[in-house]
Amino acid sequence: MLDFIIVGQGIAGSMLSWFLLKANQKILVLDRFNPSSATYVASGITNPITGRRFVKTWLADDIIPFAENTYNECERIFNERFLQALPIIRLFDSIKAQNDWSTRCATPEYLRYLKNESIVYLDKQKIKNDFGGFEINGGSRLDTGKFLTSYRTFLKQKSLLSDEAFDSSEFKTEAGSISYKNIKARKIIFCEGAAALQNPYFKFLPFMPAKGECLTVKIPNFYGDRIISAEAFIMPLINKDEYYIGSTHQWNFHDALPSEEGKNELMGNLSAILNAHYEIIGQSAAIRPTVKDRRPLIGFHPEHENIGIFNGMGTKGISLAPYFAKHFVRHMIEQTDLMKEIDIRRFLS
Ligand SMILES: Cc1cc2nc3c(=O)[nH]c(=O)nc-3n(C[C@H](O)[C@H](O)[C@H](O)COP(=O)(O)OP(=O)(O)OC[C@H]3O[C@@H](n4cnc5c(N)ncnc54)[C@H](O)[C@@H]3O)c2cc1C
């Protein structure tokens, strides 16, 4: 009998299966390969200071170093590079924003993530930055496509991955175990990303999925060594002169496909800051598994104790998934408590 079946191999299922393997658990991952999953489409940034008001990311001091150490360990084991440290230049849009920031940043809590307190100005021929910006240290970029592909190969070589869509008609729960086709396991954990909206066991969870679209563009002679974040963010890709332009947040949508509306919004945001010429060479879209209270959804079904969920990574799966995968595995193996903010029982009245 297996210990766990994991459904989904986005960043959530990858990290959960990784820490279960490290805890010597017998697992099988079921995943229907989908190059339009949120993880594939994501820019892959870990950023300690985010949002319109430049606030420190929830649990940044813990989750970001943990994520980097985990991805670095995977790099060593798979003998590949996935993670690139990249400074992030966050531009101000007014004198007020500049002043507010100067007051707030002079605290140890923020200073540890800044190169220094001075305001940075970029080349105005390339980018509009009348009010300058500040430089965030401690950001990085995971090449999510490369990571998922390498990890998938690793699982396949060990016969731990089946490339298939989970078929609910082949699934049964029994006392103390579950069965799927002819496989028995102690537990099943769903890591389906936004597809969890169709999972009949977790209908009570308040997912608020957000579609995100992005562009790939060519910009000759631009900043290839940093991420620039303002109306749009501009992130250098591996190929010379290629950049990822992200990303939209649409709450009302009909499908997960790239749209004209998404493209126009991104082009508008880019024109608001870019002075250099650019050429669009690609567009992608995916659905983020976002939650009403913006916290992960982790735990077991209130009536079916063998059916679990590891989801709700929202807009920050790359930073959150490693830390909370380890946290969940410790809960399952060592019976440690789940943090209240992420436990799905917060939605049971
Ligand atoms: C445009 C965009 C940009 C983003 N940028 C960032 C960023 O810079 N930094 C960051 O931290 N986060 C970012 N995110 C958010 C991040 O992508 C998500 O938080 C994260 O990828 C969610 O991972 P997941 O594993 O839960 O879901 P997914 O990546 O969607 O993975 C789910 C997997 O489960 C599989 N699956 C689903 N149902 C079944 C089934 N029934 N049977 C078999 N397999 C199934 C799918 O095929 C898929 O492989 C971004 C998202 C978008 C859309």
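Quick notes on the rules
One numbering rule holds for all chains: residues counted from 1, following each sequence as written. Totals for whole chains, interfaces and linings use all residues, but because this is a predicted model, local features are given only for residues with pLDDT of at least 70 and pairs of side-chain atoms are given and counted only at 80 or more. No hydrogens and no water enter the side-chain calculation; it runs on all heavy atoms of the structure. Reported domain spans reflect what an automatic or database domain assignment gives. Here, two residues are considered to be in contact whenever any of their heavy atoms come within 4.5 Å of each other. Two parts placed together each lose some accessible area; with a 1.4 Å probe, that loss summed over both constitutes the buried area. When a carboxyl oxygen of Asp or Glu lies within 4 Å of a side-chain nitrogen of Lys or Arg, that pair is called a salt bridge. Any pair of nitrogen or oxygen atoms within 3.5 Å is treated as a polar contact; in protein, a donor-acceptor pairing is required on top of that, and neighbouring residues in sequence qualify only through side-chain atoms on both sides. When residues are grouped by polarity, Ala, Val, Leu, Ile, Met, Phe, Trp, Tyr, Cys and Pro land in nonpolar, Asp, Glu, Lys and Arg in charged, and all others, Gly among them, in polar. When two rings of Phe, Tyr or Trp (its six-membered ring) have centres within 6.5 Å they constitute a pair, described as stacked for plane angles under 30 degrees, edge-to-face for angles over 60, and tilted for the intermediate range. Only DSSP runs of H or I covering at least 4 residues are called helices, and only runs of E covering at least 2 are called strands; the numbering of each starts at the N terminus. The buried label goes to any residue with under 20% of its type's maximum accessible area, the exposed label to any with over 50%, and the partly exposed label to all in between, with areas taken from a 1.4 Å probe on protein chains only. Fitted lines through C-alpha atoms give the axes, limited to the stretch in contact for helices. The angle between two N-to-C directions lies from 0 to 180 degrees. Each angle gets one of four labels, with under 35 degrees taken as roughly parallel, over 145 as roughly antiparallel, 65 to 115 as roughly perpendicular, and the rest as oblique. Any two strands with at least two DSSP-identified bridges between them are counted as paired.

> I'd love a proper account of the domain arrangement of the protein chain, names of residues and values included.
The domain boundaries assigned to the protein chain delineate domain 1 (2-41 + 145-207 + 292-347) and domain 2 (87-140 + 208-288). Here the C-alpha centre of domain 2 lies 31 Å away from the C-alpha centre of domain 1. Counting from both sides, the interface comprises 11 residues of domain 1 and, opposite them, 10 residues of domain 2. For the domain 1 face of the interface with domain 2, the top three residues by lost area are V41, A194 and F207, together amounting to 50%. Summed over the shared surface of domain 1 and domain 2, the result is zero salt bridges. At the surface where domain 1 touches domain 2, the tally comes to two residue pairs in polar contact (both at pLDDT 80 or more). A per-class count over the side of domain 1 that touches domain 2 returns six nonpolar, four polar and one charged.

> Which residues make up the packing of aromatic side chains, and what values go with them?
On inspection of all chains with the given rule, the structure shows 31 aromatic pairs. With centroids separated by 6.1 Å and ring planes inclined at 5°, the aromatic side chains of F147 and Y151 adopt a geometry described as stacked. Taken as a pair, F147 and Y151 lie in helix α6 (residues 144-157) at a separation of four residues, close to a single helical turn. With a relative accessible area of 1%, Y151 lands in the buried category.

> Now, about the packing of helix α1 (residues 11-22) against helix α3 (residues 60-78): what can you tell me, with residues and values included?
Contact pair α1 / α3: the axes reach a minimum separation of 13 Å and the direction vectors enclose 75°. Taken together, the axes of α1 and α3 lie roughly perpendicular to each other. In contact with I11, M15, W18, F19 and K22 of α1, α3 contributes F66, T70, Y71, E73, C74, I77 and F78. Looking at the contact of α1 with α3, its residues break down into nine nonpolar, one polar and two charged.

> Help me get a handle on the sheet that holds strand β9 (residues 140-142), residues and values and all.
The three strands lie next to each other as β3-β9-β6, forming an open sheet whose pairing is antiparallel. Two strands lie at the open edges of the sheet, namely β3 (45-46) and β6 (83-85), each paired on one side alone. Of the pairings in the sheet, the one linking β6 to β9 comprises three bridges and is antiparallel in character. Its bridge partner lying in β9, A85 is registered against S140.

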